[in-house]
Amino acid sequence: DTAVSQTPKYLVTQMGNDKSIKCEQNLGHDTMYWYKQDSKKFLKIMFSYNNKELIINETVPNRFSPKSPDKAHLNLHINSLELGDSAVYFCASSQGSSMAAEAFFGQGTRLTVV
Amino acid sequence: AQSVTQLDSQVPVFEEAPVELRCNYSSSVSVYLFWYVQYPNQGLQLLLKYLSGSTLVKGINGFEAEFNKSQTSFHLRKPSVHISDTAEYFCAVTSKGATNKLIFGTGTLLAVQP
């Protein structure tokens, strides 16, 4: 009974393809996030949803589109994949929009674009 | 804008020795501060956080950190490390009352040797 689960764990795909990463949390949280960790382990937020509404959208290419069908799910769809998209993508969730709340992270999805 | 600096990319230490991982931040507003740990091939886990009050914060696994406002630092310490503490440690900051996103440092690899 993983709190924040992501699928798939590993994803290898060719340039130009479209792929999706799914995230589900069973903690009853109302806020979910996507973070990107590059090859130098630098972590940066991409998106945040609160009660299915987008509240943070950092400078991310339009090829990345998050979708939140309900409070427990936040999926990430990526169009026309590029080599530079290779990274580990982490989903996270927290209760409330205050950052005093602890963020719980999934195990990550390692995306490799070849 | 906020930023976090972790000057040490790697800290080697022998088992049972004390360790300090350094973190400095910059922000023009009041902040919340966090330390997260990432074990190999795992997601991030919260070690401890500073929100307000006592500047010495105790976390899980015997770790503690001290908030020093004048030096804008939030160094992480443990008096005696174990092999199992080998992991990547991330310092993070967010501003009080602003959008709920964490700004991460570049991480410090704690390598505990027998």
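Cut-offs and rules
Residues numbered from 1 in each chain as written. Chains lettered and ligands numbered in written order. Predicted model: local features only at pLDDT ≥ 70, side-chain atom pairs only at ≥ 80, totals over all residues. Heavy atoms only, no water. Contact = heavy atoms within 4.5 Å. Buried area = accessible area lost by both parts, 1.4 Å probe. Salt bridge = Lys/Arg side-chain N within 4 Å of Asp/Glu carboxyl O. Polar contact = N/O pair within 3.5 Å; in protein donor to acceptor, adjacent residues only side chain to side chain. Helix = DSSP H or I, 4+ residues; strand = E, 2+ residues; numbered from the N terminus. Nonpolar A, V, L, I, M, F, W, Y, C, P; charged D, E, K, R; others polar. Phe/Tyr/Trp six-rings, centres within 6.5 Å; stacked < 30°, edge-to-face > 60°. Buried < 20%, exposed > 50% of the residue type's maximum accessible area, 1.4 Å probe, protein only. Disulfide = S-S within 2.5 Å.

Draft legend 1. Structural view of the interface of chain B and chain A. Opposite the 21 residues of chain B that make contact, chain A presents 26 residues. Counting the surface lost from both chain B and chain A, the interface buries some 1900 Å², and carbon and sulfur atoms represent 56% of this. The tally of links between chain B and chain A comes to 1 salt bridge. The tally of links from chain B across to chain A stands at 4 residue pairs in polar contact (both at pLDDT 80 or more). Considering every element that reaches the side of chain B that touches chain A, the biggest residue donor is strand β5 (residues 31–38) of chain B, with 4 residues. For the side of chain B that touches chain A, the per-class residue count stands at 9 nonpolar, 9 polar and 3 charged.

Draft legend 2. Focus on the pattern of salt bridges. With the rule as written, the count across this model stands at 10 salt bridges over all chains. Three or more residues are tied together by salt bridges with common partners; here these are B:E20, B:K58, B:E64, B:E66 and B:R77.

Draft legend 3. Region of the structure containing the packing of aromatic side chains. This model, assessed by the stated rule, comprises 13 aromatic pairs over all chains. Measuring from centroid to centroid gives 5.6 Å for A:Y35 and B:F104, while their planes differ by 85°, and the two rings are edge-to-face. A residue pair is termed interchain when its members come from two chains, as with A:Y35 in strand β4 (residues 31–37) and B:F104 in strand β11 (residues 103–104). A single burial state applies to A:Y35 and to B:F104, both of which are buried. Arranged with centres 6.3 Å apart and planes meeting at 35°, the rings of A:F64 and A:Y89 form a pair that is tilted. Remark: A:Y89 occurs in strand β9 (residues 87–94) and A:F64 occurs in strand β7 (residues 64–70); sequence separation between them is 25 residues. On the basis of relative accessible area, A:Y89 is assigned to the buried category, the value being 0%. One aromatic cluster in this structure is built from A:Y33, A:Y35, A:F90, A:F105, B:F34, B:Y36, B:F90 and B:F104.

Draft legend 4. Quick peek at unusual backbone geometry. In this chain, A:T7 is followed by A:P8 through a cis amide linkage whose omega measures -5°. Along the chain, A:P8 turns up in the loop between β1 (4–7) and β2 (10–13). Despite not being glycine, B:T72 shows a phi value in the positive range, around 45°. Looking at the element boundaries, B:T72 is found in the loop between β8 (64–68) and β9 (73–78). Residue class for B:T72 comes out partly exposed when judged on its relative accessible area of 30%.

Draft legend 5. Structural view of the environment of A:N57. Residues and elements named next belong to chain A. Here N57 lies in strand β6 (residues 53–57). You can call N57 partly exposed: its relative accessible area is 47%. On a C-alpha basis, the gap between N57 and G106 in space is 20 Å, while along the polypeptide they are 49 residues apart. Not counting chain neighbours up to four residues away, the residues in contact with N57 comprise M46 and F47.

Draft legend 6. Geometry of the state of the cysteines. For the coordinates displayed, the defined rule picks out 2 disulfides over all chains. Each sulfur in the disulfide pair A:C23 and A:C91 lies 1.9 Å from the other. Looking down the S-S bond of the A:C23 and A:C91 bridge, the torsion is -80°, so its handedness is left-handed. On the criterion of sequence distance, the pair formed by A:C23 in strand β3 (residues 19–25) and A:C91 in strand β9 is long-range, its members being 68 residues apart. Overall, A:C91 belongs to the buried group, its relative accessible area being 0%. Disulfide pairing places B:C23 opposite B:C91 at an S-S distance of 1.9 Å. In this structure the cystine formed by B:C23 and B:C91 twists about its S-S bond by roughly -65°; its chirality is therefore left-handed. Taken together, the residues B:C23 in the loop between β3 (19–21) and β4 (24–26) and B:C91 in strand β10 (residues 87–95) connect sequence positions 68 residues apart.

Read these as spatial facts, not as claims about activity.
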